[in-house]
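Chains, contacts and geometry: an overview
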Amino acid sequence: MDRGKGPRKWDIDGNEYVDYRTGHGSMILGQAHPAIVDAVQTQMAKGTHLSPCTEVEIRWASLIKQIVPSVEKVRFVSSGTEAVMMAFRICRRFTGKEKIVKFADAFHGWSDAAYVTDPDTDAAYGIPSGTASSVINLPPHDLEAVENTLKSDDDIAAVVFQGNDVARPEFIRGLRELTERMGVLLMIDEVVSGFRWSMSGCKGRYDVTPDVSAFAKILAGGLPGGAVGGRADILDVIGQGGVRHPGTFNANPLSAAAGATRAPTFDRRADCRNGRSVGGKTPGRNKRVDQLQMEFINQSMVESRGVHLSSSHQDSEIDFTVDKFEAALTEVRKTGAI
Ligand code: PMP
């Protein structure tokens, strides 16, 4: 790819695309939004790394605290992977317990603990056995399995679930009730869902207050950045509780400028609605899907898997997509595959 503007992108040969990847879901305002460009350019001229805390970092943190009711304190990192990694550590330090419960089909970034999936393949991914045994994978949406696990193991620090999972609200509320009763922390990974599915996070979507949340992507206005937020007493294990939080580019001023600029630039409710309506999962791999996908690419419709909208997508983009979708289906139908 060469450049992007709003909901469109152009490759190095000049082909135009509707952008349905929107920076892996991070560009909720679309490509090169003027307010973001202006904020980043202004900050660039003021300095891109000033070492101690900056005023723009404080504005960014205040904005998140104001929008997300479960966030009493927040700490910035550089990616979603780091946010989850730090959140796991905080939960472990706060509870004095070691294990994390997660769900088998969830993705929480590529750190060792988050990547634990299957005892047969973990070692092949280079995950140490000690780390692998500190993570318990449970089948998705099975409250009974969670209850049995929490009752049979008293070394569990937290249960983590993925905010972009299409879970029933009863399941999430059940998780909250169970974890509270068993003295285990509840953590939501909002790296994809944050500021897209609901502006106020887990509380707005499920009426559930998590103890700890991990954010990234939209949080930083399309620049690299992530954050851990949650109950003040839990976040206080950083510093006062001895957990260190170094990181050269934590809360870097460019990401802070982009993240802090988002709020005044658009109607957040419309933005959320827009982003959510196409936030579904793509179908599993099979030959027909692959063939369809090739046709979509031939029709300059998408360049890869995974679909996210931005607030810059208008009816014209959707109409264009539907037309191309029909054209792609027609071409595949001609081959007799469908
Ligand atoms: N959590 C979830 C739910 C994700 O989808 C991802 C990546 N898409 C991550 C964590 C990791 O985020 P990052 O790519 O910023 O490290």
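Residues numbered from 1 in each chain as written. Predicted model: local features only at pLDDT ≥ 70, side-chain atom pairs only at ≥ 80, totals over all residues. Heavy atoms only, no water.

Regarding empty space enclosed by the protein
- Under the counting rule described, the total for this entry stands at two cavities of 30 Å³ or more.
- The volume enclosed by the second largest cavity comes to roughly 30 Å³.
- Lining the second largest cavity are I188, E190, S193, W197, S198, G201, C202, R205 and Y206.
- With four residues, the single largest contributor to the lining of the second largest cavity is helix α10 (residues 201–206).
- By residue class, the composition of the lining of the second largest cavity is four nonpolar, three polar and two charged. (1 Å grid on protein atoms, 1.4 Å probe; cavity = no way out; pocket = protein on both sides within 12 Å on 5 of 7 lines; lining within 4 Å. Points joined across faces, edges and corners; volume = space filled by probe spheres on them. Helix = DSSP H or I, 4+ residues; strand = E, 2+ residues; numbered from the N terminus. Nonpolar A, V, L, I, M, F, W, Y, C, P; charged D, E, K, R; others polar.)

Quick look at the side chain of E57
- For E57, the location among the structural elements is in helix α3 (residues 55–67).
- Among buried charged residues, E57 stands out as having no salt bridge; its nearest opposite-charge side chain is R75, 6.9 Å away.
- Residues in contact with E57, not counting those within four places in the same chain, are F76, A251 and A256. (Buried < 20%, exposed > 50% of the residue type's maximum accessible area, 1.4 Å probe, protein only. Lys, Arg positive; Asp, Glu negative; His and termini not counted. Salt bridge = Lys/Arg side-chain N within 4 Å of Asp/Glu carboxyl O. Contact = heavy atoms within 4.5 Å.)

Things to note about the pattern of salt bridges
- Overall, the coordinates contain 16 salt bridges when judged by the stated rule.
- The partner of E55 in a salt bridge is R59, and the shortest N-O contact between them spans 3.4 Å. Here R59 and E55 lie together in helix α3, a separation of four residues that amounts to about one turn.
- The class for E55 is exposed, based on a relative accessible area of 52%.
- For the salt bridge of D211 with R176, the shortest nitrogen-to-oxygen distance reads 3.0 Å. Residue D211 is found in the loop between α10 and β9 (212–216), and its partner R176 is found in helix α9 (residues 169–182); the two are separated by 35 residues along the sequence. Accessibility assignment for this pair places D211 and R176 in one class, buried.

A few points about the site of the ligand
- Taken together, S79, G80, T81, F107, H108, G109, Q162, N164, D189, V191, V192 and K217 make up the full set of residues adjacent to the ligand.
- In this structure, a nitrogen atom belonging to the ligand sits 2.6 Å away from a side-chain N or O atom of D189.
- Between the ligand and the protein, one listed contact pairs a nitrogen atom with a side-chain N or O atom of K217 at 3.0 Å.
- Of the residues contributing to the shell around the ligand, the split by class is three nonpolar, seven polar and two charged. (Near = heavy atom within 4 Å. Polar contact = N/O pair within 3.5 Å; in protein donor to acceptor, adjacent residues only side chain to side chain.)

Looking at the sheet that holds strand β4 (residues 73–77)
- Taken in spatial order, the seven strands make up an open sheet running β4-β10-β9-β8-β7-β5-β6, and their pairing is mixed. Each edge of the open sheet is held by one strand with a lone partner, namely β4 and β6 (135–138). Pairs of neighbouring strands in the sheet enclose a mean axial angle of 20°, with direction left out of account.
- Both β9 and strand β10 (residues 226–230) contribute to a ladder of five bridges, which runs antiparallel. From the neighbouring strand, A214 faces β10, where its bridge partner is V228.
- Strands in contact with helix α4 (residues 80–95) are β4, β5 (99–103), β6, β7 (156–162), β8 (185–189), β9 and β10; relative to β8, the strand with the most contacts, it is inclined by about 175°. (Pairing = 2+ DSSP bridges. Axes fitted to C-alpha atoms, helices over the stretch in contact; angles between N-to-C directions.)

Points about the environment of W10
- You can see W10 is positioned in strand β2 (residues 8–10).
- Given a relative accessible area of 17%, W10 falls into the buried group.
- Leaving out residues up to four positions away in the same chain, W10 has contacts with M1, D2, R3, G4, K5, N15 and E16.
- Within polar-contact distance, the side chain of W10 engages the side chain of E16 at 3.5 Å.

Some points on α4
- With 16 residues, α4 should cover 22 Å at 1.5 Å per step; its first-to-last C-alpha distance of 23 Å lies within 8% of that length.
- Within α4 the residues assigned to the buried category are G80, T81, A83, V84, M86, A87, F88, I90 and C91.
- In this structure S79 caps α4, since a side-chain oxygen of it lies 3.4 Å from the backbone nitrogen of T81.
- A positive backbone phi angle near 75° is found at G96, which sits one or two residues after α4. (Expected span 1.5 Å × (residues − 1).)

Considering the packing of aromatic side chains
- Following the criterion strictly, the structure yields six aromatic pairs and no others.
- With 5.4 Å between their ring centres and 35° between their planes, F195 and F215 make a pair best called tilted. Remark: F215 occurs in strand β9 and F195 occurs in the loop between β8 and α10; sequence separation between them is 20 residues.
- For F195, a relative accessible area of 3% puts it in the buried group.
- Geometry around W10 places R3 over its ring, the cationic atom sitting 4.4 Å from the centre.
- Taking the ring centre of F320 as reference, the NZ or CZ of R8 above it sits at 5.2 Å. (Phe/Tyr/Trp six-rings, centres within 6.5 Å; stacked < 30°, edge-to-face > 60°. Lys NZ or Arg CZ within 6 Å of the ring centre and 35° of its normal.)

Observations regarding the pairing of β10
- The element β10 is extensively covered by neighbouring structure, given that five of its five residues are classed as buried.
- On β10, burial covers both faces: G226, V228 and G230 on one face and A227 and G229 on the other are all buried.
- In the sheet, β4 pairs with β10 via five bridges, with the strands oriented antiparallel. Along β10, the bridge assignment pairs R75 with V228.

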